[in-house]
Structures are given as structure tokens and as C-alpha cells.
Amino acid sequence: MFFASLSDHQADARLPKVLQSVLEYLRQTDFSKLEPGRHAVEGDKIYANLMSIETQPKQEKRPEVHRNYLDVQFLIEGEERIGVTLADSGQKVATEYDAERDLMFYQTPSNESELLLSAGMYAVFYPGELHTPACCIDEPKAIRKVVMKVHRSLLDN
């Protein structure tokens, strides 16, 4: 897991080249001109899920994990709390792995840490890293965000 402000170009150097190019895509794309939904960047290897959603109380959310894709979650508007925890710290599975969606949910752990993101910040979650996105900070509020999905095979390049 890694998080920073998109305006912090120095943070890019700590990430693999493919993620540096994803961050540049985020900087150069005017998301106000795109409709919510999936947008291909490099076919199925890199794509963007643009969404306008409302944050929810953390107790109503479940941690999720992916096996094949990294998430680069970039907050365009609003603020959100994202829970983070280690995958090997005794979490119980809530739903079995869905290979088509590359998604599995866990029950809410008791030892979850939190990130607070405001507009312009991003967080990177590698495969196997549990995260609970779109949690409200005080009360539910509308946010606009893009989740870049990057296939793990691109990390080798």
C-alpha cells in the first residue's frame, strides 16, 4: 500500500514504471468530460473505473481484496476514509473469490487502520492487500473518484 498527493511528483519515483505512467494518465485526463463507467487505457491490462458515489459508514462496508489487479484509487472530489489491514492477520472471508470481477470480500476486522483521503490524493493497493474504500469520515457525502485497475503482470516490465 502506498498513498500520496497526485501533485507530489517526487512520490512517483518510489513506484514501478507502470504506476508512474498511470499517475501521469491521471494528471493529464479531464475526468469532468467522461461519463461514469469503465474506460480502457490499455485494453484489459489497464483501465479506469470512473464513479460518482456516496460514502457510507464503515460498519456498512466490507474489506475487499484483489488477486490479479492493483487498484490506484484517486479521489477527484470530496473526502473518504479507507480502511486498510493485512491479509494474513486472521480475517474471515465473507464471500468467496469471484474470478470474473477479481474480487473477494472479508468480514470487518478488528485491527483495521485508516487512511483519510481528500481531493487530489491517491492510494495504491497491490493484489492481496485488504482495503475498505468509500467510507464516510463524519457523515455520508458524495464523492467522485477513479479507480485505475492495473494487471499484476505489468509490474514485471
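Residues numbered from 1 in each chain as written. Predicted model: local features only at pLDDT ≥ 70, side-chain atom pairs only at ≥ 80, totals over all residues. Heavy atoms only, no water.

Colleague: For helix H2 (residues 17-28), give the residues involved together with the corresponding values.
Modeller: Its 12 residues give H2 an end-to-end C-alpha distance of 17 Å, which sits within 8% of 16 Å, the value for a rise of 1.5 Å per residue. Within the span of H2, buried status applies to Val18, Leu19, Val22, Leu23 and Leu26. Along H2, the residues classed as buried sweep out an arc of 140° about the axis, all on the same side. Across from the buried face of H2, at angles greater than 90 degrees, the exposed residues are Lys17 and Gln28. (Helix = DSSP H or I, 4+ residues; strand = E, 2+ residues; numbered from the N terminus. Expected span 1.5 Å × (residues − 1). Buried < 20%, exposed > 50% of the residue type's maximum accessible area, 1.4 Å probe, protein only. Arc of directions from axis to C-beta.)

Colleague: I'd love a proper account of the side chain of Arg144, names of residues and values included.
Modeller: With respect to the helices, strands and loops of the structure, Arg144 is situated in strand E12 (residues 142-151). Of the side chains with opposite charge, Glu77 lies nearest to the buried Arg144, which makes no salt bridge, at 4.7 Å. There is a polar contact of 2.5 Å between the side chain of Arg144 and the backbone oxygen of Phe31. With residues up to four places along the chain from it excluded, the contact list for Arg144 reads Phe31, Ser32, Leu34, Pro36, Leu50, Met51, Ser52, Leu75, Ile76 and Glu77. (Lys, Arg positive; Asp, Glu negative; His and termini not counted. Salt bridge = Lys/Arg side-chain N within 4 Å of Asp/Glu carboxyl O. Polar contact = N/O pair within 3.5 Å; in protein donor to acceptor, adjacent residues only side chain to side chain. Contact = heavy atoms within 4.5 Å.)

Colleague: With reference to specific residues and values, describe the pattern of salt bridges.
Modeller: Pairing of side chains with opposite charge becomes possible as their charged atoms draw close. Across all of its chains, the model carries 10 salt bridges by this definition. For Asp71, the salt bridge identified is with Lys149, shortest N-O distance 2.4 Å. One end of the pair, Asp71, is in strand E5 (residues 69-77); the other, Lys149, is in strand E12, with 78 residues separating them in the sequence. The class of Lys149 is buried, set by a relative accessible area of 7%. Residue Glu79 pairs with Lys141 through a salt bridge whose shortest N-O separation is 3.9 Å. Of this pair, Glu79 sits in strand E6 (residues 79-85) while Lys141 sits in the loop between strand E11 (130-135) and E12; the two residues are 62 residues apart in sequence, bridging distant segments of the chain. The partly exposed category is assigned to Glu79, whose relative accessible area is 32%.

Colleague: Provide a residue-level description of unusual backbone geometry, including the pertinent values.
Modeller: Although it is not a glycine, Asp102 adopts a positive phi angle of roughly 50°. Residue position: Asp102 is located in the loop between strand E7 (93-98) and strand E8 (103-106). Even without glycine at this site, Ala134 takes up a positive phi of about 60°. Positionally, Ala134 belongs in strand E11. Since its relative accessible area comes to 5%, Ala134 is described here as buried.

Colleague: Outline the packing of aromatic side chains, listing residues and values.
Modeller: Under the criterion given, the structure shown has 3 aromatic pairs. Measuring from centroid to centroid gives 6.2 Å for Tyr25 and Phe31, while their planes differ by 75°, and the two rings are edge-to-face. For Phe31, a relative accessible area of 5% translates into the label buried. Their ring planes at 65° and their centres at 5.6 Å tell us that Tyr47 and Tyr69 sit as a pair that is edge-to-face. With Tyr47 in strand E3 (residues 46-54) and Tyr69 in strand E5, the pair connects residues that are 22 residues apart, well separated along the chain. For the pair formed by Tyr47 and Tyr69, the shared burial category is buried. One Lys or Arg, Arg62, reaches over the ring of Phe105 and ends 4.3 Å from the middle of that ring. (Phe/Tyr/Trp six-rings, centres within 6.5 Å; stacked < 30°, edge-to-face > 60°. Lys NZ or Arg CZ within 6 Å of the ring centre and 35° of its normal.)

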